[in-house]
Structure formats: structure tokens, C-alpha cells
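Chain residues, written in single-letter form:
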Amino acid sequence: MQLSPRTVIRCRGFPRLSVFEMEKPKDEKPSTAEDKRDSGAEDETPNSSSEATELEDSSVGKIRKYLAQKLGLHDSDDERDGQGAHMLTELSLDGIAEYIKSSGCRKIITMAGAGISTSAGIPDFRSPKSGLYHNLEKYNLPHPQAIFELDFFMENPEPFFVLAKQLMPIGFKPTPSHYFIRLLWEKGLLLRHYTQNVDTLERVAGIPGDALVEAHGTFHTGHCLQCKASYEFEWMKEKILADEIPGCEKCKDGIVKPDIVFFGETLPDRFHTLIDNDFKQADLLIIMGSSLVVQPFASLVDMVPPNCPRLLINKEKVGMQDRIMRFLGLKQGLMFDPTDTNTGRDVAWLGECDTGCQLLADKLGWGEEMKVLIEKEQKNIEVEKSKEG
Ligand code: OAD
């Protein structure tokens, strides 16, 4: 049996940063803000619990179990039982807002990707035309992601440092999406914010380190790849801005690489230490501005309890359960537009993250507070900047 071209295997077993996505076929249109409803094609595959029970007895059920075991995938038997708990009155942003206002929603986890920072002027990676991976021709890379691959970096670090000049967290201001997360924290509702971004804008927005997991590391520190000596951002910044490749001053041999996680590297210990306990407690998961194709981050969506609502705020639908995976009974990924709306828990709000966050804040009655917070904080940043000259 072949995996479909859109199959994204969500597997907590990937300890290292990796992408597992097959290319979309040419005729397949991604779902975008304009395409708010699914094509309905997913309805062909079984998803009700009775159909799933039949599957269980069939040979496909056995294959499913075998594959889940072999690939270390998260099997869905327990989840199937949990589906149908009515946490949301409706599968919409209104339903989510009502749920947040209720006493049943106390612990919210937010997960973010590059899409929450694009309005700050930082490009994302995979958006057609504007995404970083579509604008790397000048670096002559074997493939776009090579710029963040450790093996390639060891051979040729120059392209990364040229790009780092653009990406370093200098002079960018947090976006309304960042301040929405800060508001969740101020209201005591944020259990943790997991980010793939290395721009540190969450910290600039005032979200404390304790509430943050910077899953793909940070630009703020760096290490020599040879002797492991550590370096501060200011030291690296000076070299990078001067178009120098930062060489280790201690061993005089290694290159100093910012502590952002490259493909082939393991994620920070803090990520692995916190995920199990955090995700099992979540009352609500909000995912913003990510294509959810990079592992192991993408698999986190499957770690919340089976009845925990999941809200996606993004320009396009992402992270959806694949047909083949569903056919195999492996409940991996998000399921929007379920055939039986009574059992659904996933909501997609499609559009700009900042607009979605402001709208949700409005529905929660925090709209004005959020606007005032943004204005005040951005003014402070301007004042600090002018002091620095
Ligand atoms: P991607 O570029 O893969 O995905 C960004 C997602 O956000 C896409 O689905 C966009 O449609 C959406 N998006 C962009 N701007 C938006 C906006 N203003 N409002 C709403 N949605 C928007 O970025 P990530 O998912 O973060 O790894 O990528 C994951 C990882 O891949 C990165 O951390 C990076 C990269 O390789 C490293 O650098 C280690």
C-alpha cells in the first residue's frame, strides 16, 4: 500500500529535527482562506466509531497495529473512545471563545510557527514566493533546507551566516499574535507556549521564560561545534554583521554556531522534559502560523487528551489527518469538518494570525485590553530603541 502524496507521518519517535512530507501532486489545490470548506473527499474513509470497530476486526486492523508498532506511531484506540465528549457548543471561533470563558478551560497550550512573525517583517519558510525556502537560489544549495542541515553547514557554513544576517533578532517588533499569547499568560490561562521560532519575539512581548519552550532553539547563545565553548549573542552578532564566519577563540579550530536547531540535531532538553506532562493536562490547544510539517514539533498536536479542542489559526489548513492514516485507524493529525459534528473537536479559522487573534480576543471581551497592551508595549520598545541610539 502506498502512502498518499500528502501523507505526513506524525511520530513522536523522531528525536531529531526532520521533515516528513511527500510532495503534493500538481493538480491538488491547498485549502486556503478562500477555500473554507474541505472538498468532502475525506468522507470516503471510515471515521465513526462503529466503522472503526469493524476495522479493528479486519486484516486492515492488524496491519494498522503492526504499522503503529513498527513506526512507533501514536495509536488511536484510546482516543476513539474519548471522541464525542462535548467540550464545544459549536465548531467555530465562537464555540472556542465560549469554551475559554467556561470554568472547564483553565490550561491552554499555544503552538506557533513562522506565520506569527511574518507581519513583523520576518519571512516564513514555505509560503509560495515569499517563503525563505523559495528565495535561496543565490546560495547555490543542493536543496533549500540544506541551509539548516548540520552536514552541509560543516562543509560550507557561509550561506547560513549570510542568511543569519537577515534573520537575527535585531529591530523586529512582536505582532498582535504575540501579545494575544501574552494576554493568555496574564489571565493565568497559558499552561505553556511552544514555539518553533528563533526570533525571540515571544520574550520581547513579555512572555516569561518559564512559560516558553523554544523548541527549535534560539539565536541568543551559540556554541563552538568543536570544543563546545559557549558564546553570547552580542559576540556572534558583531561577527555576523561584519560578514565573518564566527570562529572559536578558545580552541581556534571550530565554528561557532548559534543555538538554533538544525535538521539532524536533537531538540533542546527542555522540550523533551516538558511535553509529556504539559500536553496531557491541556484543556485547549491553539496552533498558529505553522505548516506543521517539521517533526517532532508537528506530532505534539496528537499529545493532548482525546477530547481536548484544537484551534488552528492559519492562512491555510494544515496538519490534517491523512486519508490513508485514517483508513488504517491511526488518528494522527487534525480533523476539520467531521461528518458527525457532534464528535468533532477541531476548528480551523483561516486568515491572518493577527486578525484571528484580535477577533478571538474581541469575542472573549479582551479586545480593547489587547489593543491598549500592544500600543503601550510598542511605545516602550521605541523608547528603548531611541535610548540605544
Ligand atoms: P512554514 O513556513 O513552514 O509555515 C508557515 C505557515 O504559516 C504556513 O502554513 C503559512 O500559510 C502560514 N502563514 C504565514 N504567514 C501567516 C500569517 N500572517 N497569518 C496566518 N498564517 C500565516 O513555517 P513553520 O511551520 O514555522 O526550522 O516551519 C517550521 C520549521 O521549518 C521552522 O522552525 C524552521 C523550518 O525549517 C528551523 O529553522 C530549524
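All figures in this text were calculated on a predicted structure; none of them were measured in a lab.

Cut-offs and rules
- Residues numbered from 1 in each chain as written.
- Predicted model: local features only at pLDDT ≥ 70, side-chain atom pairs only at ≥ 80, totals over all residues.
- Heavy atoms only, no water.
- Buried < 20%, exposed > 50% of the residue type's maximum accessible area, 1.4 Å probe, protein only.
- Helix = DSSP H or I, 4+ residues; strand = E, 2+ residues; numbered from the N terminus.
- Contact = heavy atoms within 4.5 Å.
- Salt bridge = Lys/Arg side-chain N within 4 Å of Asp/Glu carboxyl O.
- Near = heavy atom within 4 Å.
- Polar contact = N/O pair within 3.5 Å; in protein donor to acceptor, adjacent residues only side chain to side chain.
- Areas by Shrake-Rupley, 256 points an atom, 1.4 Å probe, with all protein chains shown as cover.
- Nonpolar A, V, L, I, M, F, W, Y, C, P; charged D, E, K, R; others polar.
- Pairing = 2+ DSSP bridges.
- Axes fitted to C-alpha atoms, helices over the stretch in contact; angles between N-to-C directions.

1. Describing helix 9 (residues 233-241)
Then, number 1: For helix 9, every residue scored as buried is listed here: Phe233, Trp235, Met236, Lys237, Lys239 and Ile240.
Then, number 2: Where helix 9 is buried, its residues touch helix 6 (158-167), strand 5 (217-224), strand 6 (230-232) and strand 7 (256-260).
Then, number 3: Of the residues trailing helix 9, Asp243 is marked for its positive phi of about 60°.

2. A look at the pattern of salt bridges
Then, number 1: Across all of its chains, the model carries 16 salt bridges by this definition.
Then, number 2: Lys173 is the partner of Glu382 in a salt bridge, and the nearest nitrogen-oxygen pair spans 2.6 Å. Of this pair, Glu382 sits in helix 13 (residues 367-388) while Lys173 sits in the loop between helix 6 and helix 7 (176-186), and the two are 209 residues apart along the sequence.
Then, number 3: Two residues, Arg182 and Glu377, come together in a salt bridge whose shortest N-O distance is 3.3 Å. Residue Arg182 is found in helix 7, and its partner Glu377 is found in helix 13; the two are separated by 195 residues along the sequence.
Then, number 4: Accessibility expressed as a relative area gives 11% for Arg182, which makes it buried.
Then, number 5: Connected via shared salt-bridge partners are Arg182, Glu186 and Glu377.

3. A few points about the site of the ligand
Then, number 1: Within the structure, the ligand sits among 25 residues, and Phe125, Arg126, Tyr133, Ser291 and Glu316 are positioned closest to it.
Then, number 2: Contact between the ligand and Gly115: a nitrogen atom at 3.5 Å from a main-chain N or O atom of the residue.
Then, number 3: Between an oxygen atom of the ligand and a side-chain N or O atom of Tyr133, the distance comes to 2.5 Å.
Then, number 4: Contact with the protein chains removes 97% of the 790 Å² of surface that the ligand exposes when unbound.
Then, number 5: Residue classes in the shell around the ligand are distributed as 9 nonpolar, 11 polar and 5 charged.

4. Considering the environment of Thr218
Then, number 1: Looking at where Thr218 falls in the secondary structure, it is placed in strand 5.
Then, number 2: Each C-alpha atom of the pair Thr218 and Phe233 lies 9.6 Å from the other, and the pair is 15 residues apart in sequence.
Then, number 3: Setting aside anything within four residues of it in sequence, one finds Thr218 in contact with Val198, Thr200, Pro258, Asp259 and Ile260.
Then, number 4: In terms of polar contacts, Thr218 uses its side chain to reach the backbone amide nitrogen of His220, at 2.8 Å.

5. Digging into the sheet that holds strand 7
Then, number 1: Read across the sheet, 3 strands follow the order 6-5-7 without closing on themselves; strand pairing throughout is antiparallel. In this open sheet, the two edge strands, each paired with only one partner strand, are strand 6 and strand 7. Across this sheet, the average inter-strand angle for adjacent strands is 40°, counted without regard to direction.
Then, number 2: Direction of pairing for strand 5 relative to strand 7: antiparallel, over a ladder of 4 bridges. When the sheet's bridge partners are listed, Cys224 is paired in strand 7 with Val256.
Then, number 3: Along the sheet, helix 9 makes contact with strand 5, strand 6 and strand 7, crossing strand 6 at roughly 75°.

6. Some thoughts on the sheet that holds strand 8 (residues 284-288)
Then, number 1: Spatially, the 6 strands line up as an open sheet ordered 4-3-2-8-10-11, and their pairing is parallel. A single partner strand is all that each edge strand has here, and the edge strands are strand 4 (212-214) and strand 11 (346-350). Adjacent strand axes in the sheet meet at a mean angle of 15° when their direction is disregarded.
Then, number 2: One ladder, built from 3 bridges, connects strand 3 (residues 190-195) with strand 4; its direction is parallel. The partner of Tyr194 across the bridge, within strand 4, is Val213.
Then, number 3: Contacts from helix 7 reach strand 2 (108-112), strand 3 and strand 8 within the one sheet, and its direction differs from that of strand 3 by about 155°.
Then, number 4: Lying over the sheet, helix 10 (residues 269-281) contacts strand 2, strand 3, strand 4 and strand 8, oriented at roughly 135° with respect to strand 3.

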